[in-house]
Amino acid sequence: MLDIQAIREDFPILSHQVYGKPLVYLDNGATTQKPRCVVQKIENGYYNVNANIHRGVHFLSQEATEAHEEARKAVQHFLNARSSNEIVFTRGTTESINLVASSFTDECMSAGDEVIVSVMEHHSNIVPWQIQAAKKGISLRVIPMNEKGELRLDEYKKLFTEKTRLVAVTHVSNVLGTVNPVKEIIAIAHEQGVPVLIDGAQSTPHLKVDVQDLDAEFYVFSGHKIYGPTGIGVLYGKEEWLDRLPPYQGGGEMIASVTFEKTVFNELPFKFEAGTPDYIGSTALAEALHYVEHIGMERIAAYEQELLQYATERLNAINGMRIFGQAAEKGAVISFLVGNIHHYDMGMLLDHLGIAVRTGHHCAQPLMQALGIEGCVRASLSFYNTKEEIEVLAAGIERVKKMF
Ligand code: PMP
């Protein structure tokens, strides 16, 4: 059992009020709140350990470098990567996918080649490939889903051709909550000799991820969705793949030597970290990872499942409720519409009751199209949410219904 009240005390913002009502924060899929230890790490970093890393001989620079490299090891441990050389710090999931899209396309794809994505991808795992498609003449093939919001693996298998170069799929859908069977998806791709990128933006905060067990070539996530700071994220890549890919950006740190005639790139992971990295952000991300690991990813997952079940039952009992995403394996996300109430109206009125939910297309317009809707309301849960907050949400929805 988790001591939720004690956990909530670690997150000062959760005791705020909005419009004179206690804040009920149910927009964790967009970003999570930060525990004190993460904010303290940032403050301590700037007050006591701040110096540019990897360059200085002086004490502070060495200390800051060590902290950044320790943070890399913390991420390695969190993902169970083989080596810390396989961990590249980026600005987040979006930058990590853009990096792979750009470098992988440069190295491994030519006109006519294909990338397989799924119908439930976030725009950040669609648009980077389309940008490359326009430049290089590659194309996207799309895995469809069934009526429960589960990917059709039978159809997936049919998408492979001799032109398939990569599969890029989300681990957990930010709208449907579907936990995709990525281990199986990866194994199927490997049978065809095709590498796989997994978007872990919505999985890493909620379930234990082991990149060696999954056998993914690339796995990406964002710090801010896992209780860490904004502006820092991770690209995990198998060493042989990162070695093979060309750099994404040029600049300081990513070189071994430079002359006007020839530049030799640095070794991994620095080859992909041009310029001054967010070395304060990396240490704060490591702190966030320690925080969730201390609670235990399995305990977090179990409690969030209990909350999800409670919320699903509670919301399903509301007349006119339509929940999108009924996958057997589902994360703590509920996307819904009620009767013909517009999602913006629902979101705005809930907001005035102190309840923060997301409305709109959730950066997944192709998925909205597949569902035949323009947008919906999304309540996304965290281990710091409570059943009482679910009650407030359910009562809030009933109240909004009465106004229409
Ligand atoms: N993929 C998924 C599944 C997401 O939910 C998000 C964030 N909503 C992203 C990618 C993009 O993450 P970021 O904005 O942190 O780069």
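Preceding this paragraph is the structure being described.
Heads up: these notes are all about the structure in this document. (Residues numbered from 1 in each chain as written. Predicted model: local features only at pLDDT ≥ 70, side-chain atom pairs only at ≥ 80, totals over all residues. Heavy atoms only, no water.)

## Here we look at the pattern of salt bridges
Inference 1: According to the stated counting rule, one finds 18 salt bridges in the structure shown.
Inference 2: The shortest N-O distance in the salt bridge between Asp 27 and Arg 358 comes to 3.0 Å. Taken as a pair, Asp 27 in the loop between strand 3 (24–25) and helix 2 (36–48) and Arg 358 in strand 16 (residues 358–360) lie far apart in primary sequence, 331 residues in all.
Inference 3: On the basis of relative accessibility, which here comes to 38%, the residue Arg 358 falls in the partly exposed class.
Inference 4: The structure contains a network of salt bridges with shared partners spanning Arg 152, Asp 154, Glu 155 and Lys 158. (Salt bridge = Lys/Arg side-chain N within 4 Å of Asp/Glu carboxyl O. Helix = DSSP H or I, 4+ residues; strand = E, 2+ residues; numbered from the N terminus. Buried < 20%, exposed > 50% of the residue type's maximum accessible area, 1.4 Å probe, protein only.)

## Here we look at the pairing of strand 5 (residues 114–118)
Inference 1: Across the five residues that make up strand 5, a large majority, five, are buried.
Inference 2: Burial of the side chains of strand 5 extends over both faces: Glu 114, Ile 116 and Ser 118 are buried on one face and Val 115 and Val 117 on the other.
Inference 3: Strand direction decides the pairing type here: strand 5 and strand 6 (residues 139–143), joined by five bridges, are parallel. Paired with Val 117 across the two strands is Val 142, which belongs to strand 6.
Inference 4: Between strand 5 and its parallel partner strand 6, the chain crosses via helix 5 (residues 127–136), and the hand of that crossover is right-handed. (Pairing = 2+ DSSP bridges. Right-handed = clockwise from strand over helix to strand, strands pointing away.)

## Describing the nonpolar core
Inference 1: Leu 79, Tyr 156, Val 167, Phe 336, Phe 383 and Ile 397 are the most contacted members of the largest nonpolar core, which has 97 residues in total.
Inference 2: Leave out the neighbours within four places in its chain, and Phe 336 touches Leu 315, Met 321, Arg 322, Ile 323, Phe 324, Met 346, Cys 376, Val 377 and Ile 397.
Inference 3: With 24 residues, the next largest nonpolar core counts Ala 168, Val 220, Leu 235 and Leu 268 among its residues. (Core = buried A, V, L, I, M, F, W, Y, C linked by side-chain atoms within 4.5 Å. Contact = heavy atoms within 4.5 Å.)

## Here we look at the site of the ligand
Inference 1: Taken together, Thr 93, Thr 94, His 122, Ser 124, Thr 170, Asn 174, Asp 199, Ala 201, Gln 202, Ser 222, His 224 and Lys 225 make up the full set of residues adjacent to the ligand.
Inference 2: Within the side chain of His 122, a nitrogen or oxygen atom sits 3.2 Å from a nitrogen atom of the ligand.
Inference 3: Asp 199 has a polar side-chain atom sitting 2.5 Å from a nitrogen atom of the ligand.
Inference 4: Protein contact buries 85% of the 400 Å² of open area that the ligand shows by itself.
Inference 5: For the shell around the ligand, the per-class residue count stands at one nonpolar, nine polar and two charged. (Near = heavy atom within 4 Å. Polar contact = N/O pair within 3.5 Å; in protein donor to acceptor, adjacent residues only side chain to side chain. Areas by Shrake-Rupley, 256 points an atom, 1.4 Å probe, with all protein chains shown as cover. Nonpolar A, V, L, I, M, F, W, Y, C, P; charged D, E, K, R; others polar.)

## Quick notes on the sheet that holds strand 17 (residues 376–380)
Inference 1: Strand order in the open sheet formed by four strands is 13-14-17-16, with antiparallel pairing between adjacent strands. Only two strands of the sheet have a single partner each, and these edge strands are strand 13 (321–324) and strand 16. Each neighbouring strand pair of the sheet contributes to a mean axis angle of 30°, computed without reference to strand direction. (Axes fitted to C-alpha atoms, helices over the stretch in contact; angles between N-to-C directions.)

Any functional reading would require information beyond the geometric quantities listed.
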